[in-house]
Amino acid sequence: DIPVSGMTCAACQARVQRALVRQPGVRDASVNLMTRTASIMYDPAETSPQQFVDAIRHTGYGADLPLDRSILDEQDATDRAFADEYRTLVTKASVTLAAGLIAMIASMPLMAPAGYDGTPAMTDPFMRWVSHSLAPIVQRALPWLYSIDTRVLSFALLGMTGAIMAWSGRAFYARAWTAFRHHAADMNTLMAVGTGAAFLFSAAATVAPTFFVARGVAADTYYEAVIFIIALILVGNALETRAKRQTA
């Protein structure tokens with residue numbers, strides 16, 4: 001039994017299991033996503049546990065030979081790891097959700113029905129509804145927000161979103177890059193591509209809005225969407241970690 005770290009979905013589990021089954025001397029191999037372990041039945045005359053560790057690491061996940069300690073000590077260490085991970089995820093999810101709410105409110109002045117800085121009117125029906133229904137409420141509650149230059153708001157949102165991505169979302173992007181380097185894709189890839197595309201488009205619209213305006217396209221930004229996606233995934237991960245800890 002070898003502890004495996006870095007697995008986040010069924011695709012990760014399947015990738016590690018395939019890598020182990022292909023090793024010479026392996027009679028059977030199974031990977032448990034919940035307990036984060038790989039159980040291998042092998043012929044010691046043909047291979048060794050260290051080769052399994054190397055094979056797992058080659059797929060982009062972490063692995064170490066099990067320590068020589070009792071089952072109770074192993075369970076203790078697992079419980080502590082789950083508890084630490086849960087606290088980290090709850091903290092990041094809470095901060096990111098708060099940042100998402102701030103970004104959503106700060107984005108309201110950028111959603112003027114007739115566009116801003118000469119941009120054409122928005123065509124997205126949901127965004128148009130938000131602009132007509134919610135923006136007036138925010139404007140009455142926070143009139144000072146609408147006195148801030150829209151360019152200043154856009155760059156402030158750019159900075160805040162970049163900081164959230166670097167702090168709360170760093171693990172997702174690191175795992176997505178690792179999967180890419182190993183010619184694979186998983187849930188981290190999906191999340192990284194989605195939020196990355198929204199962030200890059202928004203950054204381009206913030207830095208060079210005239211490029212879009214000259215082509216009849218609204219220079220809309222989606223910073224709050226990026227932050228909320230990261231926040232919701234973190235909430236899901238926290239709930240999943242709590243369930244795994246209780247089940248273990």
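Above this text you will find the structure in question.
Residues numbered from 1 in each chain as written. Predicted model: local features only at pLDDT ≥ 70, side-chain atom pairs only at ≥ 80, totals over all residues. Heavy atoms only, no water.

With respect to unusual backbone geometry
For clarity, the cut-off: Numbering of helices and strands runs from the N terminus, with a helix taken as a DSSP run of H or I at least four residues long and a strand as a DSSP run of E at least two residues long. Any residue under 20% of the maximum accessible area for its type is buried, any over 50% is exposed, and the rest in between are partly exposed; the area is computed with a 1.4 Å probe on protein chains only.
Phi is positive for Arg 36, close to 60°, though the residue is something other than glycine. Looking at the secondary structure, you find Arg 36 in the loop between strand E2 (26-32) and strand E3 (37-42). Its relative accessible area of 21% is what places Arg 36 among the partly exposed residues. One non-glycine residue, His 183, lies in positive phi territory at about 55°. Tracing the sequence through the fold places His 183 in the loop between helix H7 (170-181) and helix H8 (187-207).

Focus on helix H2 (residues 49-58)
The criterion, for reference: Throughout, the arc means that of the directions going from the helix axis to the C-beta atoms.
For H2, the full list of buried residues reads Phe 52, Val 53, Ala 55 and Ile 56. Taken down its axis, H2 places every buried residue within 160° of arc, on the same side. Downstream of H2 by one or two residues, Gly 60 has phi in the positive range, about 105°.

As for the packing of aromatic side chains
As a reminder, the rule being used: For this analysis, a ring pair means two rings from Phe, Tyr or Trp (six-membered ring only for Trp) whose centres lie within 6.5 Å, classed as stacked if their planes differ by under 30 degrees, edge-to-face if by over 60, and tilted for the remaining angles. The rule is short: NZ of Lys or CZ of Arg within 6 Å of the ring centre and within 35 degrees of the ring normal puts a charge over the ring.
Under the definition given, this model contains six aromatic pairs. Centroid distance Tyr 42 to Phe 52: 5.0 Å. Interplanar angle 80°. Geometry classified as edge-to-face. Of this pair, Tyr 42 sits in strand E3 while Phe 52 sits in helix H2, and the two are 10 residues apart along the sequence. Here Tyr 42 falls in the partly exposed class, since its relative accessible area comes to 29%. Residue Phe 52 is classed as buried on the basis of its relative accessible area, which comes to 1%. Three or more aromatic residues joined by ring pairs make a cluster, and in this case those are Phe 201, Phe 211, Phe 212 and Tyr 222. Over the ring of Trp 167 we find Lys 92; its NZ or CZ atom is 5.9 Å from the centre of that ring. The cationic tip of Arg 215 hangs over the ring face of Phe 211; the distance from NZ or CZ to the ring centre is 3.9 Å.

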